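# Coordinate analysis (summary)
The lines below spell out each chain.
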Amino acid sequence: MPKSSKKKKDKAADFSKAKLKLGKGKQTASNVVDTSFKARSIALPTQSIATERDTDTPTTKRRQTFDTLIVHLRHYNAATRRDAILGLRELLDAHPELINTHLTTLVNNCVRIISDEDASVRKALLPFFAWLFRRVPRDELIPHSPVLLLFTTSAQTHIFPEIRIDAVRFLDIFLEYIPDVVTEGWTQHGSDGHGRRVLEGYLGILNAGTAFGEGGDTGPIQATSTASVVLSPPSKLVVLRSLAAFLDHAVSEVGGASKVTGESSSATLATPTWYFSASFSTTSAFETFDSLLRPVSSASQARLGVAKTWFPEISDEDGEDFVGQFDFPPSEVSPWSLQELQNVDAAIALLGGNKDNTGRCDILVTSIAHIARTLHSTLVSTFLDCAPAVFSPSSTPPDTELQMVLVVCRICRSIYGIILQNTAESIRTPETAESDLQVILSYLSPYFPFTINGSAMARRDIKVEQIFQDLNLMFCELSSFLVLSHGRRTTPLHVKNSRHPRFSRSAQKAATTSLSDSRRVERVSEYIVQLIRGETPSSGVQPPLSRPITPQAYVSLLPTIWSLINVETSEAPEAASSLFSAVIAHATKTSSTSAVKRHTIDFVGRLVLLDREPQYIGAFRVGRDREQDALLEEWLLQLPKIMWELGGGHPASTESIALLLLRLSQRRSRLLHAKAYASLHSRLTPYFVIKHPIRGQLHGPYSKLPTNSPVRRLVLNLVAVVIGQSPSKGNLGSDELMSAVNEAVVDTPESRYLSEVTASMN
């Protein structure tokens, strides 16, 4: 039988030779063993058994040390970087001693992720910085401020708008802890400070322009911002609020801390007096007048030590040392340079308060005025965008738009306040500052006074009501800035001349502006009278709530009150008269325990002292109206009662009252006539001795004053002046007030002083 074809093929395959083909390599044998291999490494940095770890090194719950966390801050994974920030807070919170030793390393590595492209990393870094800066002393934080501000200002110009907004949030933290460093050099080109770059970053984000043209601050404004993204309302609010805080701190550093009203408690709130300066012939005259009622601080008295009586001859028993001990100047004080020595005249002029046009003050005001001009369009457009929603008569105001309106008014108060306050003193105003403020007030005026609208059944929101009151107060302040600036440099225009053929268009415009100012003055006066009386303005939808005025509100209204009553020929005489009467009536009726009482004494007391001030050139005068003089006399005669009610717990207020009565007596005020002295004589007696019908004779509040306090001798001086004007001056033994004083100072250090004073009266 023949073989099959399959067996023939298999037999041929065993002895056939493979043919080599072009392009193909040599085939490997079928019995070759594959010796190739692959290797992979497993990284276990936290579980290495080959490395000996120091068990004393502080670690987190995940066994991460400080050095490990710093390395993770540079990790390519965003989640790892975020966890590293959280781990640093955990580690430093458990071991706060690491903050001081590793602060430089910590800051230098954290600043690099200020502009991190991952939002979660930036969101974690913001609260970490806020938490860290609270635990670092300011002196130790300032050396790191250049690095912090360098990376933050760089993030302000980042290509991504989210990073720019977060950079503003970082600036808010820096403004809270190192505001003077952030605002340093904000009005100077090419200065070493970071303030100018920070300000330009704000303007760039707001599309308000970052360059000022060829002439620096004097050239035309050029909008050169590269921020092409339109900000959403919440993002714009973040930028505007941060800018407002920046300007508030910057203006206070310039020297307007006492001029611009800020947020402070009623205990530390000082009564501002800057608005009186424009009514004096010289700055030194105003400073002398301002110091008349300035009480001596208790801290300075503590440094002076116990008061001692002067003797013409020294004795060994006194233990006094007249050898002065003076410390050497600190070594860090830099010596004067040759350039400073050559500019001695300029330095003397600056120290002497010279307000020359070429002085530093005018240059500063000009720079701020140009910044105000740059922001003007942004502020106006922001207000016009938000006003319809905020002041809608049919709905409650949205929170974002309401906050933006408030921030716009804050910025206007900061920049226009410092401009117009300084120009009111120097009789020189930038050309556009007043007109720009006039435009802003024209947009605000239709809504003034700002009240809450909406449904009558809507729930009251105390926070919203407070914001509307703040808006009203800032509107009054802005109006006072304009009135004070006008009152020093311009003369009133008569509207009747507008029909004359030669009456120019500029004069017609000025007359129209004067009419609008008159209407605004009347409305502002009415609002202040309502607020002082405790009557809150209402839109008629919700009934108003009667509440007393707060110290912050009263202090912020003082410049406005002065600007409205200090007018020569008032366009609204009835409004000014009613305002003055309301202020005096409020000062009289306010309780001595009220936080506003001290400010009423400071303000009304200076109004009364202006009557005999030789270098006062203002329009306000005491004695023009009998009704007003009667109100002032009533207020003056109730001051001894206030001293009695204050007791010994308020020596500063007691000193202000005693100083005021002494100054008025020294200047022979027309309010202190014979009947007034007789009334003061009888009302001062209970301050030293009280005759109780049951308990008998008791010591008055004078004995509660601090021992060896200068207020004690000041009150004794007041008593001597009052007794010197009484009919019983020649017979001190029968004087009731003198007997009460002698009883109160028995066995006290003031007894000898009183005997010397009475000896000089005989």
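Everything below is about the structure printed above this text.
Residues numbered from 1 in each chain as written. Predicted model: local features only at pLDDT ≥ 70, side-chain atom pairs only at ≥ 80, totals over all residues. Heavy atoms only, no water.

## Points about the overall build of the chain
Across its full length, the chain carries 31 helices and 2 strands. For the chain, the computed accessible surface area is about 42,300 Å², with 53% contributed by carbon and sulfur atoms. (Helix = DSSP H or I, 4+ residues; strand = E, 2+ residues; numbered from the N terminus. Areas by Shrake-Rupley, 256 points an atom, 1.4 Å probe, with all protein chains shown as cover.)

## Let's talk about the pairing of strand β1 (residues 689-692)
Inspection of the sheet shows β1 paired to strand β2 (residues 696-699) by 4 bridges, in the antiparallel sense. For Ile690, the partnering residue across the bridge sits in β2 and is Leu698. Taking the residues between adjacent antiparallel strands as the criterion, β1 and β2 are bridged by 3 residues. (Pairing = 2+ DSSP bridges.)

## Structural notes on the packing of helix α9 (residues 161-177) against helix α11 (residues 195-205)
Running from N to C, α9 and α11 point in directions that differ by 145 degrees, and their axes come no closer than 11 Å. For α9 against α11, the interelement crossing comes out left-handed. Residues Arg164, Ile165, Val168, Leu171 and Leu175 of α9 form the contact with α11, whose participating residues are Val198, Tyr202 and Ile205. Grouping the constituent residues of the contact of α9 with α11 by class yields 7 nonpolar, no polar and 1 charged. (Axes fitted to C-alpha atoms, helices over the stretch in contact; angles between N-to-C directions. Left-handed = near helix turned anticlockwise from the far one by under 90°. Contact = heavy atoms within 4.5 Å. Nonpolar A, V, L, I, M, F, W, Y, C, P; charged D, E, K, R; others polar.)

## Side note on the packing of aromatic side chains
Evaluated as defined, the whole model comprises 33 aromatic pairs. With a centroid separation of 5.8 Å and 75 degrees between ring planes, the pair formed by Phe129 and Phe170 is classed as edge-to-face. Placement of the pair is Phe129 in helix α6 (residues 119-133) and Phe170 in helix α9, with a sequence separation of 41 residues. When sorted by exposure, Phe129 lands in the same class as Phe170, which is buried. Among the aromatic residues, those joined into a ring-pair cluster are Trp274, Tyr275, Phe276, Phe280, Phe286, Phe289, Phe481, Trp562, Phe580, Phe603, Tyr616 and Phe620. Seen from the ring of Tyr702, Arg712 lies directly overhead, with NZ or CZ sitting 5.1 Å from the centre. (Phe/Tyr/Trp six-rings, centres within 6.5 Å; stacked < 30°, edge-to-face > 60°. Buried < 20%, exposed > 50% of the residue type's maximum accessible area, 1.4 Å probe, protein only. Lys NZ or Arg CZ within 6 Å of the ring centre and 35° of its normal.)

## Quick word on helix α30 (residues 736-744)
Residues of α30 that are buried include every one of Leu737, Met738, Ala740, Val741 and Ala744, and no others. Down the axis of α30, the smallest arc covering the buried residues is 160 degrees, so these residues share one side. (Arc of directions from axis to C-beta.)

## Section: the nonpolar core
Counting residues in hydrophobic clusters, the biggest one holds 194 residues, and the most contacted among them are Phe128, Phe129 and Phe688. Among the elements that take part in this core, helix α18 (residues 399-426) stands out by supplying 14 residues, more than any other. Setting aside chain neighbours within four positions, we find Phe688 in contact with Leu698, His699, Gly700, Tyr702, Val715, Leu716, Val719, Leu737, Ala740, Val741 and Ala744. (Core = buried A, V, L, I, M, F, W, Y, C linked by side-chain atoms within 4.5 Å.)

## Topic: the packing of helix α27 (residues 651-666) against helix α29 (residues 710-724)
The relative placement of two packed helices comes down to the angle between their axes together with the axis-to-axis distance. In the contact formed by α27 and α29, the axes pass within 9 Å of each other and the chain directions differ by 30 degrees. What the angle tells us is that α27 and α29 run roughly parallel. The two elements α27 and α29 meet at a crossing, and its hand is left-handed. Between α27 and α29, the contacting residues are Pro651, Thr654, Glu655, Ala658, Leu659, Leu661, Leu662 and Ser665 on the first element and Val711, Leu714, Val715, Asn717, Leu718 and Val721 on the second. When the residues that make up the contact of α27 with α29 are grouped by side-chain class, the tally is 10 nonpolar, 3 polar and 1 charged. (Parallel < 35°, antiparallel > 145°, perpendicular 65-115°, else oblique.)

## Points about helix α22 (residues 551-565)
When the terminal C-alpha atoms of α22 are compared, their 21 Å separation across 15 residues agrees well with the 21 Å that a helix rising 1.5 Å per residue should span. Most pronounced at Leu558, the bend in α22 amounts to some 35 degrees, and the proline Pro559 follows within four residues. Taking burial as the measure, the 15 residues of α22 include 14 buried ones, the bulk of the element. (Expected span 1.5 Å × (residues − 1). Bend = angle between axes of the 7 residues up to and from the residue.)

## As for the pattern of salt bridges
For the structure on display, the rule yields 14 salt bridges. Note that Asp290 and Arg606 form a salt bridge whose closest N and O atoms lie 3.3 Å from each other. Taken together, the residues Asp290 in helix α13 (residues 283-290) and Arg606 in helix α24 (residues 597-609) connect sequence positions 316 residues apart. The class for Arg606 is buried, based on a relative accessible area of 6%. (Salt bridge = Lys/Arg side-chain N within 4 Å of Asp/Glu carboxyl O.)

## Observations regarding the side chain of Gln638
With respect to the element layout, Gln638 can be found in the loop between α25 (626-637) and α26 (639-646). Beyond its immediate stretch of four places on either side in the chain, Gln638 contacts Ala587, Thr588, Lys597 and Arg683.

## Side note on unusual backbone geometry
For the peptide bond that leads from Phe448 to Pro449, omega is -5 degrees, which places it in the cis range. Positionally, Pro449 belongs in the loop between α19 (431-444) and α20 (462-489). For Arg63, which is not glycine, the phi dihedral falls at a positive 60 degrees. Tracing the backbone through its elements, the reader meets Arg63 in the loop between α1 (5-15) and α2 (66-72). With relative accessibility at 65%, the residue Arg63 sits in the exposed group.

## Considering a nonpolar patch on the surface
A surface patch of nonpolar side chains, about 220 Å² in accessible area, is lined by Leu384, Val439 and Tyr443. Within the element layout of this structure, Val439 appears in helix α19. Note on Val439: relative accessible area 31%, which makes it partly exposed. (Patch = residues over 30% accessible without salt bridge, like charges linked within 9 Å, V, L, I, M, F, W, Y side chains within 5 Å.)

## Concerning the environment of Val464
Its location among the elements puts Val464 in helix α20. C-alpha separation for the pair Val464 and Leu402, spaced 62 residues apart in sequence, amounts to 8.5 Å. Excluding anything up to four places from it in sequence, Val464 contacts Pro397, Leu402 and Ile452.

## Concerning the environment of Ile467
By the element assignment, Ile467 lies in helix α20. Ile467 gets classed as buried once you look at its relative accessible area, which sits at 7%. As a C-alpha pair, Ile467 and Gln403 span 64 residues in sequence and 8.2 Å in three-dimensional space. Ignoring any residue separated from it by four or fewer positions in sequence, one finds Ile467 in contact with Leu402, Gln403 and Leu406.

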